[in-house]
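For reference, the chains in residue letters:
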Amino acid sequence: MSMTKRAALAGLLTTSLSAFGLLTAGLTAPASAQAFPTKPITVIVSFAAGGPSDVIARLLGENMSKTLGQPVVVENVAGAGGTAGAKRVAAADPDGHTILIHHLALAAAPALYANLGYDTKTAFAPIGLVNTGPMVIASKLALPTPDAKAFFPYIKQNAEKLTIAHAGVGSNSHLCAVLMSQQLGAKFNQVAYRGTGPAMNDLVGGQIDILCDQSTSAIPQIQGNSIRAYAVTSAQRLDVLPSTPTMTEAGSKLDMTIWHGLYAPKGTPAPVLDKLNGALRVALKDGAVIEKFKAFGTSTFPEADWTRDAHAKLFAAEVDKWAQSLAAAGVKPQG
Ligand code: MLT
């Protein structure tokens with residue numbers, strides 16, 4: 001065979017082989033997405049066990065595992081206001097087997113932390129929105145304040161003697177504590193925990209004085225008469241806490257609504273994200289999940305917002321919103 005013919009044949013072979021490679025790559029990608037999940041799925045919770053993010057993750061995980069046909073295992077990776085867990089997921093294999101549940105603190109983090117180790121806007125593929133609800137301002141029972149009318153003047157006057165717990169800089173409980181401090185013009189002693197699960201235990205035990213936590217964790221303790229609630233940060237009172245006033249009724253403008261979403265690492269194939277979104281939707285329609293959400297004073301988003309796209313839009317808007325509002329308040333990323 002002449003050199004020219006041999007070269008032409010080699011060229012042809014190379015082209016065909018790469019075409020075959022492309023073809024098989026094209027064939028295998030959807031096939032592996034179809035097979036997903038091939039092993040247990042880990043949901044990273046960025047705060048300690050027993051807190052609201054953990055409770056919601058376990059509730060969803062139990063239901064989603066039935067749809068997905070694999071166990072959904074919760075792993076608590078707490079620390080640095082919820083950014084340690086987010087960092088773990090940002091660096092995980094983008095195959096859908098490691099996902100993250102997080103709340104608005106994920107969006108606020110870049111305005112507070114200089115070295116996150118990931119780019120918040122691009123590191124995650126939103127899977128879907130989970131729930132939305134208010135915070136509840138509560139104290140240990142030993143505080144001598146029977147209601148909101150007595151509580152707010154008391155804590156303003158005694159701020160330096162009082163401890164307020166939170167789950168690290170940028171967490172919901174921290175943002176709520178900061179907003180409350182600003183509004184009252186009072187400087188509390190802040191105590192940071194790895195999540196509001198352990199903070200709530202210490203509130204019940206009387207080791208700390210005040211905690212602003214998600215209704216999910218606060219309500220069972222309020223109903224069990226282990227802590228005292230003063231106000232909810234929603235526009236309306238909660239059905240499950242009918243005698244607790246809103247912050248507006250209590251004479252304050254503090255209005256705070258939190259929300260959770262599920263995220264995969266960027267680069268996770270769209271069919272895998274769709275499968276996870278589908279399993280999330282099944283969970284959000286489940287009667288037992290809906291009942292639990294109601295009991296926790298939290299709710300799902302309207303069904304039209306259960307798409308991946310709606311989640312991506314809300315997340316991007318929240319990152320911008322927190323960047324602007326924290327910068328306007330003179331807050332600079334630290335660390
Ligand atoms: C938790 O699960 O501990 C909370 O979501 C932390 C917080 O943001 O306050």
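Before reading further, recall that the structure is shown in the block above.
Just so you know, the residues in each chain are numbered from 1, in the order the chain's sequence is written. With the structure being a predicted model, the display of local features is reserved for residues of pLDDT at least 70 and the display and counting of side-chain atom pairs for 80 or more, all residues being used for whole-chain, interface and lining totals. Side-chain calculation: all heavy atoms of the structure are included, whereas hydrogens and water are not.

Any carboxyl oxygen of Asp or Glu within 4 Å of a side-chain nitrogen of Lys or Arg constitutes a salt bridge here. Throughout the structure, instances matching the rule amount to ten salt bridges. Close ionic contact of Glu 291 with Lys 294 constitutes a salt bridge, the shortest N to O distance being 3.7 Å. Of this pair, Glu 291 and Lys 294 both sit in helix α10 (residues 287-295), three residues apart, which is roughly one turn of that helix. Where helices and strands are cited, they refer to DSSP runs of H or I of at least four residues and of E of at least two residues respectively, numbered from the N terminus.

Considering the arrangement of structural elements, one finds Asn 189 in strand β6 (residues 189-192). Residue contacts are defined here by distance: any two heavy atoms, one from each residue, within 4.5 Å place the two residues in contact. Aside from chain neighbours lying at most four places away, what touches Asn 189 is Ala 159, Glu 160, Lys 161, Leu 162, Thr 163 and Ile 164. In protein, a polar contact requires one atom able to donate a hydrogen and another able to accept it; more generally it is a pair of N or O atoms within 3.5 Å, and residues adjacent in sequence count only if both atoms are side-chain atoms. At 2.6 Å, the side chain of Asn 189 forms a polar contact with the backbone oxygen of Glu 160.

Right, let's get into the pairing of strand β7 (residues 210-214). In the case of a regular strand, side chains alternate between the two sheet surfaces. Partly exposed describes any residue whose relative accessible area lies between the buried limit of under 20% and the exposed limit of over 50%, with all areas from a 1.4 Å probe on protein chains only and scaled to the type maximum. For β7, a buried count of five out of five residues is recorded, marking the element as mostly surrounded by other parts of the structure. As judged from the five bridges shared by strand β4 (residues 124-140) and β7, these two strands associate in the antiparallel manner. When the sheet's bridge partners are listed, Met 135 is paired in β7 with Gln 214. Strand pairing requires that DSSP identify at least two bridges connecting the strands.

The criterion for a residue being near a molecule or strand is simple. One of its heavy atoms has to lie within 4 Å of it. The environment of the ligand is made up of Phe 47, Gly 51, Pro 52, Ser 53, His 103, Ala 167, Ser 171, Asn 172, Ser 173, Gly 195, Thr 196 and Gln 214. Residue Ser 53 places a side-chain N or O atom 3.0 Å away from an oxygen atom belonging to the ligand. Computed with the Shrake-Rupley method and a 1.4 Å probe, the accessible areas treat only the protein chains shown as cover for residues. If the ligand stood free it would expose 270 Å²; the protein chains cover 100% of that surface. For the shell around the ligand, the secondary structure elements donating two or more residues are α2 (52-68) and α6 (172-184). In this classification, Asp, Glu, Lys and Arg are treated as charged, Ala, Val, Leu, Ile, Met, Phe, Trp, Tyr, Cys and Pro as nonpolar, and every other residue, Gly included, as polar. Across the shell around the ligand, the residue classes tally to three nonpolar, nine polar and no charged. Looking at the shell around the ligand, you find at least three residues from each of domain 1 (40-132 + 259-328) and domain 2 (134-232). Domain extents, as shown, originate in an automatic or database domain assignment.

Below, the discussion takes up the packing of aromatic side chains. When we look at a pair of aromatic rings, we describe it by the centre distance and by the angle of the planes. Stacked, edge-to-face and tilted labels apply to pairs of Phe, Tyr and Trp rings (six-membered ring for Trp) whose centres lie within 6.5 Å, assigned for plane angles under 30 degrees, over 60, and everything in between, in that order. Per the stated rule, a full pass over the model turns up five aromatic pairs. Relative to Phe 124, the ring of Tyr 118 has its centre 5.3 Å away and its plane inclined at 75°; by these criteria the two rings are edge-to-face. As far as burial versus exposure is concerned, Tyr 118 and Phe 124 are alike and both buried. Residues Phe 151 and Tyr 230 carry aromatic rings whose centres are separated by 3.8 Å and whose planes lie at 10° to one another, so their mutual orientation is stacked. Remark: Tyr 230 occurs in strand β8 (residues 227-232) and Phe 151 occurs in helix α5 (residues 148-157); sequence separation between them is 79 residues. With respect to burial, Phe 151 and Tyr 230 carry one shared label: buried. Members of the aromatic cluster, joined through ring pairs, are Tyr 118, Phe 124, Tyr 263 and Phe 315.

Turning to its location among the elements, Gly 195 is positioned in the loop between β6 and α7 (196-205). Here Gly 195 is in contact with Phe 47, Ala 48 and Ala 167, once residues within four sequence places are set aside.

As a further point, take the state of the cysteines. Two cysteines whose sulfur atoms are joined by a covalent bond form what is called a disulfide. Here, a disulfide means two cysteine sulfur atoms that sit within 2.5 Å of each other. This model, assessed by the stated rule, comprises one disulfide. Here Cys 176 is linked by a disulfide to Cys 212, with a sulfur-sulfur distance of 2.0 Å. Taking the torsion about the S-S bond as the criterion, the Cys 176 to Cys 212 disulfide, at about 75°, is right-handed. Here Cys 176, found in helix α6, pairs with Cys 212, found in strand β7; they are 36 residues apart in sequence, far enough to count as distant.

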